[in-house]
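Summary of the model geometry
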Amino acid sequence: MHVVVTGASGRLGRSVCAALVAAGHVVVGLDRSPAGLDGVDEIQLELTDEAAVARLLADTRPDAVIHLAGIAVPFSAPEREILLTNTSLAHTVLAAAARGGVARVLAASSPTVIGYGSPGWRAASVPIDERHALAPTNAYALSKVVIEDTVRMFSRTSNGAFGFFRPCYVVSPEEWAGAPTQQGHTMAERLTDPALAAVSLFNYVDARDAAEFVDAWLAAPAAAVDGEGFFVGAADSLAVRPVAELWRDFAPGLGEAAELLTGTQPVFDIGKAERRLGWAPTRSWRTELDEASVTSVTASVIRSHETRAS
Ligand SMILES: NC(=O)c1ccc[n+]([C@@H]2O[C@H](COP(=O)([O-])OP(=O)(O)OC[C@H]3O[C@@H](n4cnc5c(N)ncnc54)[C@H](O)[C@@H]3O)[C@@H](O)[C@H]2O)c1
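In what follows, the accompanying structure is described. (Residues numbered from 1 in each chain as written. Predicted model: local features only at pLDDT ≥ 70, side-chain atom pairs only at ≥ 80, totals over all residues. Heavy atoms only, no water.)

Attention now goes to the overall build of the protein chain. Per the secondary structure count, the protein chain includes 12 helices and nine strands. What you see for the protein chain is a C-alpha radius of gyration of 19 Å, in line with the 19 Å of a compact globule of 310 residues. Along the first, second and third principal axes, the C-alpha set of the protein chain runs to 70 × 40 × 40 Å. Looking at the 310 residues of the protein chain, the share that counts as buried comes to 52%. (Helix = DSSP H or I, 4+ residues; strand = E, 2+ residues; numbered from the N terminus. Rg over C-alpha atoms; globule rule 2.2 N^0.38 Å. Buried < 20%, exposed > 50% of the residue type's maximum accessible area, 1.4 Å probe, protein only.)

Now for unusual backbone geometry. Of the consecutive residues Val126 and Pro127, the connecting peptide bond is found in the cis state with omega at -5°. Mapped onto the elements of the fold, Pro127 is located in the loop between strand E5 (104–108) and helix H4 (139–157). With a phi close to 65°, Phe75 is a non-glycine residue in the positive phi region. One can find Phe75 in the loop between strand E4 (64–67) and helix H3 (79–99). The class for Phe75 is exposed, based on a relative accessible area of 58%.

Moving on, we get to the pattern of salt bridges. According to the stated counting rule, one finds 16 salt bridges in the structure shown. The shortest N-O distance in the salt bridge between Glu228 and Lys272 comes to 2.6 Å. Residue Glu228 is found in the loop between helix H8 (222–225) and strand E9 (229–232), and its partner Lys272 is found in helix H10 (residues 271–277); the two are separated by 44 residues along the sequence. Residue Glu228 pairs with Arg276 through a salt bridge whose shortest N-O separation is 3.6 Å. You can see Glu228 sitting in the loop between H8 and E9 and its partner Arg276 sitting in helix H10, a full 48 residues away along the chain. Through salt bridges that share partners, Asp206, Arg208 and Glu288 make up one connected network. (Salt bridge = Lys/Arg side-chain N within 4 Å of Asp/Glu carboxyl O.)

The next subject is the site of the ligand. The environment of the ligand is formed by 26 residues, the closest being Leu12, Asp31, Glu46, Tyr140 and Val170. Arg11 has a polar backbone atom sitting 2.9 Å from an oxygen atom of the ligand. The separation between a nitrogen atom of the ligand and a polar main-chain atom of Leu47 is 3.0 Å. Expressed as a share of its isolated accessible area of 830 Å², the protein-covered part of the ligand is 88%. Of all the secondary structure elements, the ones that give two or more residues to the shell around the ligand are helix H1 (11–22), H4 and strand E7 (169–171). Looking at which element gives the most residues to the shell around the ligand, the answer is H1, with three residues. A per-class count over the shell around the ligand returns 13 nonpolar, eight polar and five charged. (Near = heavy atom within 4 Å. Polar contact = N/O pair within 3.5 Å; in protein donor to acceptor, adjacent residues only side chain to side chain. Areas by Shrake-Rupley, 256 points an atom, 1.4 Å probe, with all protein chains shown as cover. Nonpolar A, V, L, I, M, F, W, Y, C, P; charged D, E, K, R; others polar.)

The next point concerns the sheet that holds E4. Pairing between the strands of a sheet is mediated by backbone hydrogen bonds and can be parallel or antiparallel. Pairing within the open sheet is parallel, and its seven strands lie in the order E3-E2-E1-E4-E5-E6-E9. Edge positions in the open sheet fall to strand E3 (40–44) and E9, since each of these has one partner strand only. The sheet shows a mean angle of 20° between the axes of neighbouring strands, direction not considered. This element, H4, spans E5 and strand E6 (161–167) of the sheet and lies at about 160° to E6. (Pairing = 2+ DSSP bridges. Axes fitted to C-alpha atoms, helices over the stretch in contact; angles between N-to-C directions. Contact = heavy atoms within 4.5 Å.)

The subject of this paragraph is the environment of Val240. Within the fold, Val240 resides in the loop between E9 and helix H9 (243–250). Note on Val240: relative accessible area 18%, which makes it buried. Residues Val240 and Asn159 lie 81 residues apart in sequence; the distance between their C-alpha atoms is 46 Å. Excluding residues that lie within four positions of it along the chain, Val240 makes contacts with Leu191, Trp285, Arg286, Val297, Thr298 and Val301.

On to helix H12 (residues 291–309), then. Here H12 spans 27 Å end to end across 19 residues, near enough to the 27 Å set by a 1.5 Å rise per residue. Those residues of H12 that sit buried are Ser293, Val294, Val297 and Val301. Projected down its long axis, H12 carries its buried residues within an arc of 100°, all on one side. Opposite the packed face of H12, turned more than 90 degrees from it, sit the exposed residues Glu291, Ala292, Thr295, Arg303 and Thr307. (Expected span 1.5 Å × (residues − 1). Arc of directions from axis to C-beta.)

A few words now on the nonpolar core. Membership of the largest hydrophobic core comes to 60 residues, with the highest contact counts inside it found for Val5, Phe213 and Leu254. The dominant element in this core, judged by the number of residues it contributes, is helix H7 (residues 207–219), at eight residues. Setting aside its immediate chain neighbours within four residues, Val5 contacts Val16, Cys17, Leu20, Val27, Val28, Gly29, Leu30, Ile66 and Leu68. Counting residues in hydrophobic clusters, the runner-up holds 26 residues, among them Ala52, Leu89, Val151 and Phe154. (Core = buried A, V, L, I, M, F, W, Y, C linked by side-chain atoms within 4.5 Å.)

Here it is as structure tokens:
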């Protein structure tokens, strides 16, 4: 397929482009700052320029558009700016794709749409699946709710298949190797002290697994994805100890239903993506952190747990 990826230079975009190139797609990456991606035709473009976006899609005539660009971190800009930027970029790109007759359009949403992690939030059920009610509590989450409805609108009104996905907290290959994460801590630090990772604790995905989800989404029959959304997460939690033991201290909003989770079972249910697309993640912190870090993180968490218990 000929695929256009917006936000190609970002944490997720880089892995999405690499996975699509590896799968044999012809990939055009759009971003305001190109990243030097292997095998990708990178075009520097300001996506707020509606006419330029429409022109580019009319000229390149892709089979698919993957829309990732936007302000990706809640509270990283003024609330109004996050809401207006994310919703208008999505509308600009999706409208141009609809007008251009693009067959497949996938947009990035976020698990924050359900209000996860906000003070006072309570999960309606655990594990959490796509039927969970929406309850955004900040402009970032609200922008994603609007983006999901923008997707549904174009799904209803155009011939192409439009869908969205909600990647959990994205961890890039460099972050497993020790680079600081979005909030500055390393992955080993987050695992050693669950308080550092509270919101992402039960909610993460390797960027390459999320990228392989995108490839699986492109390969699925249109009827399986049109107008649909998917949680995309790891098959375990970003924690050494089981969620059933941690929820009271670090994610009280999950409630007692969290105690029904067994072993390393994740809080976010990824069964829909497995059933409809045949996609399943293959990476976790246990496979991606180097062996010495896994050993030292695990030992340190067990030691501090035993100290607290005695
Ligand atoms: N990173 C996460 O943990 C996470 C979790 C859930 C959802 N998401 C969503 O996934 C998507 C990608 O996230 P990410 O972590 O890769 O973000 P990122 O910030 O690393 O990358 C976003 C990219 O978009 C580009 N961009 C932004 N505005 C642009 C504009 N006006 N014109 C051209 N390019 C522009 C930026 O230059 C950047 O390269 C976002 O929509 C984000 O909300 C991310």
